[in-house]
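Here's the letter readout for the chains.
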Amino acid sequence: MKSFLGFVKKEFYHIFRDKRTILILFGIPIVQIMIFGYVVTNELKDMHIAFLDYSHDEVTHQITDKIISSEFYISDGLLENTDEIDAAFKRGKIHEVVVFESNFQEKLMKTGTAEIQIISDASDANTSSQLVSHTSAIILSYVNELNNDNSLPVKINTNTRMFYNESLKGVYLFVPGTIVLILMLISAIMTSISITREKEEGTMETLLVSPLRPTQIIFGKVMPYMVLALINAITILLLGYFVFGLPLQGSLLLLSLETFLFITLALALGILFSTIASSQLVAMFISMFGLLLPTLILSDFIFPIENMPKILQYFTLLIPPRWFLVILKSIMLKGAGFSYVWKETLILVIMTITLFIVSIRKFKSRLE
Amino acid sequence: MNNDSIITVKHLYKQFGSFTANKDLNFEVKRGEIFGFLGANGAGKTTTMKILCGLSKPTSGEVTVAGFDVYQDTEKIKRNIGYMSQKFSLYEDLSVIENIVFYGGIYGLGYKEIMRSAKEMLTGLGIWDIRKKVIADLPLGWKQKLAFSLAMLHKPSIIFLDEPTGGVDPVTRRQFWDMIYAAAETGITIFVTTHYMDEAEYCDRVSIMVDGVIVALDSPQQLKAQYQVKTMDEVFLKLARAKTETTNQNQSAL
């Protein structure tokens, strides 16, 4: 145990004495979350909006004016019928269409409720959701004004439709997505590089002829990165919470345990790569192409899985980040408990155990 | 087993698939001797060395190192041997003293014990004052000496040196051999592989391996006398050439 602790200490020396390592470990996660947060999430400005008004009464005109007067929107005028909505979206000029049902004012005054439909082009999910919530807020404030004057409270139901991306993938997804990406990269790349570095510099031989067991060597190498990856996960969560106002709905404990599981999996992958790679550079490339791209593309992070060709969809089943992303989203955004994510967790556990067995076997057989 | 022999190898075979890396090796290394293990690249030296260090198991044959069986007691073997490779195996980004503490640590030595040995060792080498410098800043010769001393930190009974003088200038090499002699004086057995045939002359006994077979094993003087040449270099060339010719003949016979 003492020799193991000495080993871990040595590993921390390596990390803290190498500026590049520090930069990769702590710089990249922060930069990445900021980029995904600020750059990818478009600022709302000059959003083109059109109206389909079946009612043309006082109330609908007031709401229309109110929306147009907001600094975010540019009015593209009125549409005639529903067919024009799709056409307008497809031309790509319009971001949002607001539809008033017929006899809007009459219904509102008589029954106290009326319907507005907000249709938005959700192919850019972040913009779309902000746009919709902004429009809804304007409508709500109009209703509040009405209710202040009126003795009889009225209600306008807003009915939202996201065109092209009904389930609105991508909203708030960048935080869970970035966590997945960063944990995957940091854990796998850093371990595979640090193990191949020992091989390259010849220090691995010394470790192997020492009384340390191969498993001790592996866990000694892996432990520091596990700690750092956890710190990274916490940093991203805090950034998400304080900078982007992303709430954590579910249990923090469950989230931590699941994160721990995923980090373990990523570390096992890193060890596996290190047994394949002959040099640090190769390890880096394998990790990049073997992990970065699949995580970005096939995990549901950026591209919705249901829009992929069937073969690719089946292929994503093998991608660990895909399952972890489901878990993260469920816990963070939907507040789901363990009973909702046990299947995904089980899959990750099986993957982790398999990877560890394979990588330790491979590591040992390399000694021969 | 002879009490004087610290390594015993009997009928050692090591096979990788259909390739035989070691063919029927038989030799003994005596306690306190400097044993040179020579051979061209790919002759099978590294394979044997790995087996002796407990990193790999023989396909068949009897091998004991420091009195322990390589099939059963690799753990005990590892505690009783030291190892130093051409690459010196020091962590470049760690200081001299940190390296020592780390190596002592993986052999399970206590901190106080390590510091006592470290002081003794570094004062002996004359580098106690720069113990806080990182290895990367040290000249090659010092790294080599430090690596050798480190390999002896846990007081092993045998020390394996895998081409320890590669890339070092002749003066430093000579100094390094002085260290090896000094270590052998204290009773440590030295098992050394080398490419430099002049270094082979420094050994008490040498074995020469060609294509996985030990073709000669004796003191340098005896070998030179036997082959009627003046240097070990010539002995080596004669043996290597003879072996290659036999293989060629065998192939043409087929």
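These numbers come from a predicted model, not from an experiment. (Residues numbered from 1 in each chain as written. Chains lettered and ligands numbered in written order. Predicted model: local features only at pLDDT ≥ 70, side-chain atom pairs only at ≥ 80, totals over all residues.)

**Student:** Sorry if this is basic, but what is going on with the overall build of chain B here?
**Tutor:** For chain B, the helix and strand inventory stands at nine helices and 10 strands. Relative to the globule expectation of 18 Å for 254 residues, the C-alpha radius of gyration of chain B, 19 Å, shows essentially globular dimensions. Dimensions of chain B along its principal axes, counting C-alpha atoms only, are 65 × 40 × 35 Å. Excluding contacts between residues fewer than 6 apart, the proportion of contacts in chain B whose partners are at least 24 apart in sequence is 68%. (Helix = DSSP H or I, 4+ residues; strand = E, 2+ residues; numbered from the N terminus. Rg over C-alpha atoms; globule rule 2.2 N^0.38 Å. Contact = placed C-beta atoms within 7 Å.)

**Student:** Just to check I follow, could you spell out the overall build of chain A for this structure?
**Tutor:** A tally of regular secondary structure across chain A gives 14 helices and five strands. Buried residues in chain A amount to 38% of all 368 residues. The contacts in chain A between residues at least 6 apart in sequence include a share of 79% that link residues at least 24 apart. (Buried ≥ 20, exposed ≤ 12 C-beta atoms within 10 Å, placed from the backbone.)

**Student:** Whenever I open this one, the nonpolar core confuses me. Can you help?
**Tutor:** Inside soluble globular proteins, nonpolar side chains tend to come together where they are buried. Counting residues in each nonpolar core, the largest one holds 119 residues, and the members touching the most others are Leu 183 of chain A together with Phe 160 and Ile 190 of chain B. By residue number, the principal contributor to this core is helix α7 (residues 174-201) of chain A, which donates 15 residues. Grouped together as the second largest cluster of nonpolar side chains are 22 residues, Ile 63, Tyr 73, Val 97 and Leu 131 of chain A included. (Core = buried A, V, L, I, M, F, W, Y, C linked by C-beta atoms within 7 Å.)

**Student:** Would you mind going over the interface of chain B and chain A with me for this structure?
**Tutor:** One frequent convention defines the size of an interface as the accessible area lost when the parts assemble. Contacts between the two partners involve 20 residues from chain B, matched on the other side by 21 residues from chain A. Among the elements of the structure, α2 (74-80), β6 (81-85) and α3 (96-106) of chain B are those that each provide at least two residues to the side of chain B that touches chain A. Looking at the side of chain B that touches chain A element by element, the count peaks at four residues for α3 of chain B. For the side of chain B that touches chain A, the class distribution of residues is nine nonpolar, five polar and six charged. (Nonpolar A, V, L, I, M, F, W, Y, C, P; charged D, E, K, R; others polar.)

**Student:** I tried to follow the confidence of the model for chain B on my own but got confused; where do I start?
**Tutor:** Should pLDDT be low for a region, the predicted coordinates there are not to be read in detail. Taken residue by residue, chain B gives an average pLDDT of 87. The fraction at 70 or more is 94%. The complex model carries a pTM of 0.72, and its ipTM stands at 0.84. (pLDDT = per-residue confidence, 0-100.)

**Student:** Looking at this model, I keep getting lost on the environment of Ser 194 of chain A. Mind explaining?
**Tutor:** Residue and element names in this part refer to chain A. Along the chain, Ser 194 falls in helix α7. Remark: the alpha-carbon pair of Ser 194 and Leu 328, spanning 134 residues in sequence, is separated by 28 Å. Discounting residues that sit within four places of it in the chain, Ser 194 has contacts with His 14 and Lys 221.

**Student:** Please explain helix α13 (residues 320-334) of chain A as it appears in this structure.
**Tutor:** Since the α-helix turns once every 3.6 residues, residues separated by three or four places project in the same direction. All names here are of chain A. Spanning 15 residues, α13 covers 21 Å between terminal C-alpha atoms, matching the ideal 21 Å at 1.5 Å per step. Across the 15 residues that make up α13, a large majority, 13, are buried. A positive backbone phi angle near 70° is found at Gly 335, which sits one or two residues after α13. (Expected span 1.5 Å × (residues − 1).)

**Student:** Help me out: how do you make sense of the sheet that holds strand β3 (residues 34-39) of chain B in this one?
**Tutor:** Backbone-to-backbone hydrogen bonds join strands into a sheet, with any given pair of strands oriented parallel or antiparallel. Residues and elements named next belong to chain B. Taken together, six strands build an open sheet; the order of strands is β6-β7-β8-β3-β9-β10 and the sheet is mixed. Each end of this open sheet is capped by a strand with a single partner; those strands are β6 and β10 (213-218). Going from strand to strand, the sheet's axes swing by 15° on average, the running direction of each strand aside. (Pairing = 2+ DSSP bridges. Axes fitted to C-alpha atoms, helices over the stretch in contact; angles between N-to-C directions.)

**Student:** Before we go on, may I ask you to explain the sheet that holds strand β5 (residues 68-69) of chain B in this structure?
**Tutor:** Residues and elements named next belong to chain B. Read across the sheet, four strands follow the order β2-β1-β4-β5 without closing on themselves; strand pairing throughout is antiparallel. Looking at the sheet topology across the chains shown, the edges are occupied by β2 (19-30) and β5. Of the pairings in the sheet, the one linking strand β4 (residues 60-65) to β5 comprises two bridges and is antiparallel in character. Bridge pairing in β5 links Thr 64 to Asp 69. Across the face of the sheet, helix α1 (residues 45-52) comes into contact with β1 (5-16), β2 and β4 while running at roughly 60° to β2.

**Student:** Got a minute to help me understand unusual backbone geometry in this structure?
**Tutor:** Glycine aside, the phi torsion of most residues is negative, and most peptide linkages are trans. Residues and elements named next belong to chain B. A positive phi angle, near 55°, is found at Ala 66, a position not held by glycine. With respect to the helices, strands and loops of the structure, Ala 66 is situated in the loop between β4 and β5. One non-glycine residue, Gln 228, lies in the positive phi region at around 55°. Structurally, Gln 228 is set in the loop between α8 (220-227) and α9 (232-253). Overall, the presence of 9 C-beta atoms within 10 Å leaves Gln 228 in the exposed class.

**Student:** Got a minute to help me understand the domain arrangement of chain A in this structure?
**Tutor:** Taken as a whole, chain A is organised into domain 1 (47-162) and domain 2 (171-367). Of note, the centres of domain 1 of chain A and domain 2 of chain A, computed from C-alpha atoms alone, are 44 Å apart. (Domains from an automatic or database assignment.)

**Student:** Explain the packing of helix α3 (residues 58-69) of chain A against helix α5 (residues 104-111) of chain A to me, please; I cannot follow it from the model alone.
**Tutor:** Packed helix pairs are characterised by how far apart their axes lie and by the angle those axes make with each other. Residues and elements named next belong to chain A. The N-to-C vectors of α3 and α5 enclose an angle of 105°; their axes lie 6 Å apart at closest approach. Considered as vectors, α3 and α5 are oriented roughly perpendicular to each other. Every residue of α5 that contacts α3 at Glu 58, Val 59 and Thr 60 is listed here: Phe 104, Gln 105 and Leu 108. (Parallel < 35°, antiparallel > 145°, perpendicular 65-115°, else oblique.)

**Student:** Would you explain the packing of α7 of chain A against α13 of chain A in this entry?
**Tutor:** Residues and elements named next belong to chain A. Here α7 crosses α13 at 140°, and the two axes come no closer than 9 Å. Compared by their axis directions, α7 and α13 come out oblique. Two packed elements cross with a definite hand, and for α7 against α13 that hand is right-handed. Contact residues: α7 offers Pro 176, Gly 177, Ile 179, Val 180 and Met 184, while α13 offers Pro 321, Phe 324, Leu 325, Leu 328, Lys 329 and Met 332. Partitioning the contact of α7 with α13 into residue classes produces nine nonpolar, one polar and one charged. (Left-handed = near helix turned anticlockwise from the far one by under 90°.)

**Student:** In this structure, what is going on with the confidence of the model for chain A? I would like to understand it.
**Tutor:** Residue and element names in this part refer to chain A. Per-chain confidence: chain A averages 81 in pLDDT, with 89% of residues scoring 70 or above. Highest mean pLDDT in chain A belongs to helix α10 (residues 252-276) (91); lowest belongs to strand β5 (residues 155-163) (72). Residue range residues 165-171 is modelled with pLDDT below 50. Its contacts to residues more than four positions away, or to other chains, number 14 contacts.

**Student:** Is there a simple way to think about the pairing of strand β9 (residues 205-210) of chain B in this case?
**Tutor:** Every regular strand shows the same layout, with side chains that alternate between the two sheet faces. Residue and element names in this part refer to chain B. The element β9 is largely enclosed, with a buried count of five among its six residues. In terms of strand pairing, β3 meets β9 through five bridges, oriented parallel. Note that in β9 the partner of Phe 35 across the bridge is Arg 205. Pairing between β9 and β10: five bridges, direction antiparallel. Residue pairing in the sheet places Ile 208 in a bridge with Ala 216 of β10. Counting the residues between successive antiparallel strands, the hairpin from β9 to β10 contains two residues, one of them, Asp 211, with a positive phi of roughly 50°.

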